[in-house]
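This is what each chain is made of:
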Amino acid sequence: MSMKRAHRFKAGHGRASMPAGGLVTAVAPVVIECKGLWIGWTGLYDFEPGTPIPEADPKDNAPTAGLLSKQIIPVHIDRKEFEDYYNGCCNGTIWPLFHSMPDRAVFQAKTWKAYCAVNTKFAESTLQALRKILDDLDREGKTNVTPIIWIHDYQLLTAATYIRHKCEQENLRCRLAFFLHIPFPAWDLMRLFPWDDQILQGMLAFDFVGFHIEDYCLNFIDCCCRRLGCRVDRNNMLVELAGRTVQVNALPIGIPFDRFVKMAETAPQSIKDIHKVKVILGVDRLDYTKGLVHRIKAFERLLENHPEYSEKVRFLQVSVPSRTDVQEYKQLKDEMDQLIGRINGRFSVPNWSPIRYIYGSLTQDKLASLYRDSAVALVTPLRDGMNLVAKEYVACQIREPGVLILSPFAGAGGLMHEALLVNPYELDLAANTIHRALTMSLDERELRMTQLRNREQSLDVNHWMRSCLSAMGALKSEDGENDLMTKKKLQLNVDDFDLYLSNHIEGALKLSLILDYDGTLSPVTSHPDLAQLSEETRRILERLANMSDLNVAIISGRSLKNLMEMVNIKQITYAGSHGLEILHPDGSKFVHPIPAEFDKKLTDLMKRLQDKVCHDGAWVENKGMLLTFHYRETPAHLQESIEEKASEIFFDAGFIPHKGSMAIEAKPPVNWDQGRASIHILRTTYGVDWSERVRVIYAGNEEAMTALRGIACTFRVDSSPLVQTDADFRLAGPDAVFTMLRWVEKQMHKRTPPMSRSTSLTTATQNELKKNLNNWQNTIHSQMSFEDPKAGEDKEKRDSDTRSSVQIF
């Protein structure tokens with residue numbers, strides 16, 4: 001399946017047609033041959049869902065002629081939504097920013113919201129098609145066939161986020177691939193985008209991400225590393241997020257070279273005075289990124305510096321109308337008209353004008369004729385993803401060769417080395433380069449053009465398509481494998497943490513490790529009681545806890561008693577209920593005061609949840625100071641509705657629902673969270689001047705990231721690629737955390753030999769730990785209890801089990 005926003009299906013005279021651009025020429029034959037699907041916008045605001053797409057004209061020679069109506073899936077977008085999505089976000093924000101023109105970018109929340117909404121519409125249409133394809137494949141017994149979803153360009157950067165989430169939720173097999181046809185900006189530009197993390201995460205939801213040139217790949221990889229904290233391999237162009245490795249490739253697109261050669265061979269001559277006047281040709285969309293104003297001013301500078309070119313050269317600029325309803329483009333057209341008029345008025349003579357300007361579209365045959373007969377092609381964008389005009393000009397040079405002048409700021413500028421490269425911002429240099437092209441000897445022109453043509457013929461659009469399909473794993477390799485992407489994985493090892501932590505802990509007198517429990521030290525499971533520490537993790541925590549210059553704290557949403565039972569390691573600081581209750585190894589205690597009315601409100605909330613939504617595997621966990629509604633075991637198709645109902649109950653009961661991984665938590669109305677609790681632990685462990693002597697490593701959930709940002713090295717531990725975080729880095733799960741603990745142990749052994757804690761910290765035996773635990777539970781019960789005094793249970797039983805779980809199936 002191929003998804004592309006820009007190709008419109010226009011119904012006219014009972015037939016459907018698509019513009020045959022470079023991408024359509026490349027992709028459409030593959031979709032036709034593989035009997036795939038093409039998902040796109042119709043170009044019609046009044047298109048009614050369910051309206052059949054007319055069949056293409058069988059006499060049409062376009063590459064889309066064989067694409068059947070049943071292979072086209074239209075996506076409906078209404079006019080207002082399209083305006084905010086396309087002109088607002090796509091062209092008002094992403095286009096200028098990605099083309100390194102941030103001063104032209106406008107950032108608005110409403111247009112970003114429309115962008116995400118339209119991407120979701122494309123994603124939903126794609127998922128609907130995918131489900132049908134998989135049903136058909138399964139009925140045919142082709143359960144080993146994995147469909148490929150190939151999404152194109154900057155208009156659909158977040159669609160894969162929704163697709164991957166649903167595919168994982170519903171266990172739908174597919175492979176996701178993406179290709180960006182415009183530049184990808186450097187980190188210092190990308191960080192200007194207020195929702196840059198969502199863009200990057202959307203792109204990392206793919207298995208394969210393609211760009212035209214290596215510079216764009218490295219920009220993307222750098223942004224993923226610096227903004228999302230992803231592990232990256234720049235040599236092999238790999239990015240790891242949430243345990244998934246994404247392959248990044250540089251695959252420069254080509255053109256249908258032979259097709260342009262044939263057009264050039266048959267196209268009639270369109271420049272009448274070709275033997276008297278040398279033509280300098282420019283062909284572009286009317287867009288500020290194309291450098292049209294700079295180009296015309298450079299030609300004016302040529303005429304100023306070289307008056308001998310009067311009546312001997314002509315600049316022919318073809319400008320294809322673009323986004324004519326946008327004010328900025330209207331202003332550009334007016335500026336072009338005035339500039340060309342001024343130059344023609346200044347230099348024209350009765351039988352000659354220096355500039356001929358065509359504002360409109362030309363047929364491909366007409367363009368091929370102009371390419372063929374022009375002495376110089378001036379392709380000088382200020383920024384461009386690739387620019388196929390340069391390649392088309394080269395393909396059409398079948399007679400006496402001309403000269404290609406190319407901007408280094410186009411993707412083609414780094415690949416077409418034999419062209420004359422010129423910085424379009426430097427007018428004198430550009431004028432001198434045009435002069436050099438006009439006076440270049442035939443031998444040099446032939447040498448340069450021959451090499452350019454040979455490369456473009458071998459690296460044509462078919463080669464690009466094969467390279468993309470191979471990178472996606474859609475083509476078999478020489479060894480018979482067809483899943484090339486799975487051959488490259490970023491395996492986490494101990495040495496990886498040198499990059500993350502070496503500078504952070506260097507010179508520190510003390511090191512503090514603050515770790516969450518569920519999902520960080522232990523895997524997320526269907527029931528909290530199943531989330532056990534692995535023996536390897538337990539042993540390394542025991543060794544770390546006994547080092548004299550290192551302190552370990554474990555903080556969790558579990559009750560303090562349950563957390564201590566699950567971990568059961570001496571010399572560790574335990575913080576339960578997200579830090580509302582803290583116990584240090586020396587027996588010192590902390591309990592955050594809770595409003596008296598909270599106890600009854602929480603009990604009422606638990607009863608309402610049990611009555612209304614505790615079904616289909618959903619249940620309520622009473623944690624003492626907290627309450628959590630779990631729906632991990634609820635069937636996937638019911639999860640969204642049960643989450644909405646539970647959230648409504650939380651709100652109605654006066655609670656703000658805190659959503660976690662398939663769970664919703666009720667917390668007391670106090671200004672306290674894991675971040676503030678972590679700082680409290682550091683202050684009470686090391687003193688008020690702790691920041692001068694202690695370095696902190698935190699691994700866990702998002703609650704503590706904001707409070708610890710800048711004062712700790714933070715790791716968000718989560719296997720979901722959809723999670724947004726303020727953490728410095730990301731780890732996929734407990735195995736990655738274990739690797740990090742191994743690195744810490746290795747570094748601590750380098751500093752000093754393993755030592756036991758001082759006597760003041762090691763006198764607490766296992767019996768004393770249990771004694772502290774019992775005393776601590778009495779303290780908690782003296783402040784709050786969820787037990788019903790009329791239930792007839794004795795106090796001893798209440799004290800021995802403050803955590804009650806209710807599971808209803």
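Just so you know, these numbers come straight off a predicted model, no measurement behind them.

(A) Here's a closer look at the overall build of the protein chain. Across its full length, the protein chain carries 26 helices and 30 strands. Expressed as a percentage of its 809 residues, the buried residues of the protein chain come to 55%. Within the protein chain, contacts between residues separated by at least 24 positions form 72% of all contacts whose residues are at least 6 apart in sequence. Roughly 35,100 Å² of accessible area belongs to the protein chain as shown, and the carbon and sulfur atoms make up 49% of that amount.

(B) Fine view of helix H18 (residues 560-567). Among the eight residues that make up H18, seven are buried, leaving the element largely enclosed by the rest of the structure. Positive phi shows up at Asn568, right after H18, with a value of about 55 degrees.

(C) Looking closely at the packing of aromatic side chains. Inspection of the entire model under this criterion finds 31 aromatic pairs. Seen from their ring centres, Phe98 and Phe184 are 5.3 Å apart, and the 70 degrees between their planes marks the pair as edge-to-face. Linking Phe98 in helix H2 (residues 79-98) with Phe184 in the loop between strand E7 (175-179) and helix H5 (187-190), this pair joins segments that are 86 residues apart in sequence. A relative accessible area of 0% means that Phe184 is categorised as buried. Their ring planes at 40 degrees and their centres at 5.7 Å tell us that Tyr288 and Tyr329 sit as a pair that is tilted. Remark: Tyr329 occurs in helix H10 (residues 327-347) and Tyr288 occurs in the loop between strand E12 (278-285) and helix H9 (292-305); sequence separation between them is 41 residues. Judged by its relative accessible area of 3%, Tyr329 falls in the buried class. Site record: aromatic cluster; members linked through ring pairs are Trp41, Tyr45, Phe82, Tyr85, Tyr86, Phe107, Trp112, Tyr115, Phe193 and Trp195. The positively charged end of Arg104 is found above the aromatic ring belonging to Tyr288, 4.2 Å away from the centroid.

(D) Main features of the side chain of Thr42. Structurally, Thr42 is set in the loop between strand E4 (38-41) and strand E5 (72-75). Its relative accessible area of 1% is what places Thr42 among the buried residues.

(E) Fine view of the pattern of salt bridges. The full count for this structure, using the stated rule, is 45 salt bridges. Close ionic contact of Asp196 with Arg227 constitutes a salt bridge, the shortest N to O distance being 3.1 Å. Pair noted here: Asp196 is in helix H6 (residues 196-204) and Arg227 is in helix H7 (residues 214-228), with a separation of 31 residues, a long-range link. Between Asp495 and Lys746 there is a salt bridge, with its nearest N and O atoms 3.4 Å apart.

(F) Focus on the side chain of Arg231. Relative to the elements of secondary structure, Arg231 occurs in strand E9 (residues 231-233). For Arg231, the side chain forms a polar contact with the main-chain oxygen of Gln491, separated by 3.2 Å. Among all residues touching Arg231, those that are not within four sequence positions of it are Leu238, Val239, Glu240, Leu490, Gln491, Leu492, Asp496 and Tyr500.

(G) Looking closely at the pairing of strand E16 (residues 403-406). Covered by surrounding structure in E16 are Val403 and Ile405 together with Leu404 and Leu406, the residues of both alternating faces. By the bridge criterion, four bridges tie strand E15 (residues 376-379) to E16 in an arrangement that is parallel. Paired with Val379 across the two strands is Leu406, which belongs to E16. In this region the chain leaves E15, passes through helix H12 (residues 389-395) and returns to the parallel neighbour E16; the handedness of that crossover is right-handed.

(H) Representation of the sheet that holds strand E19 (residues 550-555) within the structure. A sheet is described by the order of its strands in space; here eight strands give the open sequence E22-E21-E20-E19-E18-E27-E28-E29, paired in mixed fashion. In the strand order of this sheet, the two ends are held by strand E22 (589-591) and strand E29 (729-731), each with one partner. Going across the sheet, the axis of each strand differs from the next one's by a mean of 15 degrees, ignoring polarity. Alignment of strand E18 (residues 510-516) against E19, held across six bridges, turns out to be parallel. Within E19, the position partnered with Leu511 by the bridge is Leu550.

(I) Layout of the confidence of the model for the protein chain. Averaged over every residue, the pLDDT of the protein chain is 86; the share at 70 or more is 87%. Per-element averaging of pLDDT across the protein chain places strand E30 (residues 805-807) at the bottom with 29 and E16 at the top with 98. A low-confidence stretch, residues 5-14 (pLDDT under 50), is modelled with 34 contacts involving residues beyond four sequence positions or located in other chains.

(J) Layout of the sheet that holds E15. Read across the sheet, six strands follow the order E14-E13-E12-E15-E16-E17 without closing on themselves; strand pairing throughout is parallel. The strands lining the two open edges of the sheet, one partner per strand, are strand E14 (355-359) and strand E17 (420-421).

(K) Main features of the packing of H9 against helix H13 (residues 427-438). Taken N-terminus to C-terminus, the directions of H9 and H13 make an angle of 70 degrees; their axes are 8 Å apart at the nearest point. As the angle between them shows, H9 and H13 are arranged roughly perpendicular. Regarding H9 and H13, the two cross each other, and that crossing is right-handed. Contacts between H9 and H13 pair His294, Lys297, Ala298, Arg301, Leu302 and Asn305 from the former with Leu427, Asp428, Ala430, Ala431, Ile434, His435 and Leu438 from the latter. Of the residues in the contact of H9 with H13, the class split is seven nonpolar, three polar and three charged.

(L) Up close: the environment of Phe178. Mapping Phe178 onto the fold places it in strand E7. The class for Phe178 is buried, based on a relative accessible area of 0%. Sequence separation between Phe178 and Leu157 is 21 residues, and the spatial gap between their C-alpha atoms is 8.7 Å. When residues no more than four places from it in sequence are discounted, the contact partners of Phe178 are Trp150, Ile151, His152, Asp153, Leu156, Leu157, Met203, Phe206, Phe208, Val209 and Gly210.

(M) How the structure looks around H2. Residue Cys90 marks the point of greatest curvature in H2, where the axis turns by about 40 degrees. Buried residues dominate H2, accounting for 17 of its 20 residues. If you check the start of H2, you find a side-chain oxygen 3.4 Å away from the backbone N of Lys80, and it comes from Asp78. Two residues or fewer past H2, Ser100 is found with a positive phi of approximately 60 degrees.

(N) Spatial organisation of the packing of helix H19 (residues 598-612) against helix H20 (residues 636-652). Interhelical geometry of H19 versus H20 gives an angle of 155 degrees and a closest axis separation of 10 Å. When the interaxial angle is binned, H19 and H20 end up roughly antiparallel. Between H19 and H20 the crossing geometry is right-handed. Contacts from Leu605, Arg608, Leu609 and Lys612 of H19 reach H20 at Ala646, Ile649, Phe650 and Asp652. Tallied by class, residues from the contact of H19 with H20 come to five nonpolar, no polar and three charged.

(O) Representation of the nonpolar core. Counting 104 residues, the largest nonpolar core has Phe98, Leu157, Phe184, Phe211 and Phe220 as the members making the most contacts within it. Per element, the largest residue contribution to this core is ten residues, and it comes from helix H3 (residues 109-139). One finds Trp38, Phe260, Ala368 and Met465 within the second-largest nonpolar core, a separate group that totals 56 residues.

(P) Examining a negative patch on the surface more closely. Together, Glu640, Glu644, Glu648 and Asp652 make up a region of like negative charge exposed at the surface. Looking at where Glu644 falls in the secondary structure, it is placed in helix H20.

Calculation rules
- Residues numbered from 1 in each chain as written.
- Predicted model: local features only at pLDDT ≥ 70, side-chain atom pairs only at ≥ 80, totals over all residues.
- Heavy atoms only, no water.
- Helix = DSSP H or I, 4+ residues; strand = E, 2+ residues; numbered from the N terminus.
- Buried < 20%, exposed > 50% of the residue type's maximum accessible area, 1.4 Å probe, protein only.
- Contact = heavy atoms within 4.5 Å.
- Areas by Shrake-Rupley, 256 points an atom, 1.4 Å probe, with all protein chains shown as cover.
- Phe/Tyr/Trp six-rings, centres within 6.5 Å; stacked < 30°, edge-to-face > 60°.
- Lys NZ or Arg CZ within 6 Å of the ring centre and 35° of its normal.
- Salt bridge = Lys/Arg side-chain N within 4 Å of Asp/Glu carboxyl O.
- Polar contact = N/O pair within 3.5 Å; in protein donor to acceptor, adjacent residues only side chain to side chain.
- Pairing = 2+ DSSP bridges.
- Right-handed = clockwise from strand over helix to strand, strands pointing away.
- Axes fitted to C-alpha atoms, helices over the stretch in contact; angles between N-to-C directions.
- pLDDT = per-residue confidence, 0-100.
- Parallel < 35°, antiparallel > 145°, perpendicular 65-115°, else oblique.
- Left-handed = near helix turned anticlockwise from the far one by under 90°.
- Nonpolar A, V, L, I, M, F, W, Y, C, P; charged D, E, K, R; others polar.
- Bend = angle between axes of the 7 residues up to and from the residue.
- Core = buried A, V, L, I, M, F, W, Y, C linked by side-chain atoms within 4.5 Å.
- Patch = residues over 30% accessible without salt bridge, like charges linked within 9 Å, V, L, I, M, F, W, Y side chains within 5 Å.
- Lys, Arg positive; Asp, Glu negative; His and termini not counted.
- Charge placed at Lys NZ, Arg CZ, Asp CG, Glu CD.

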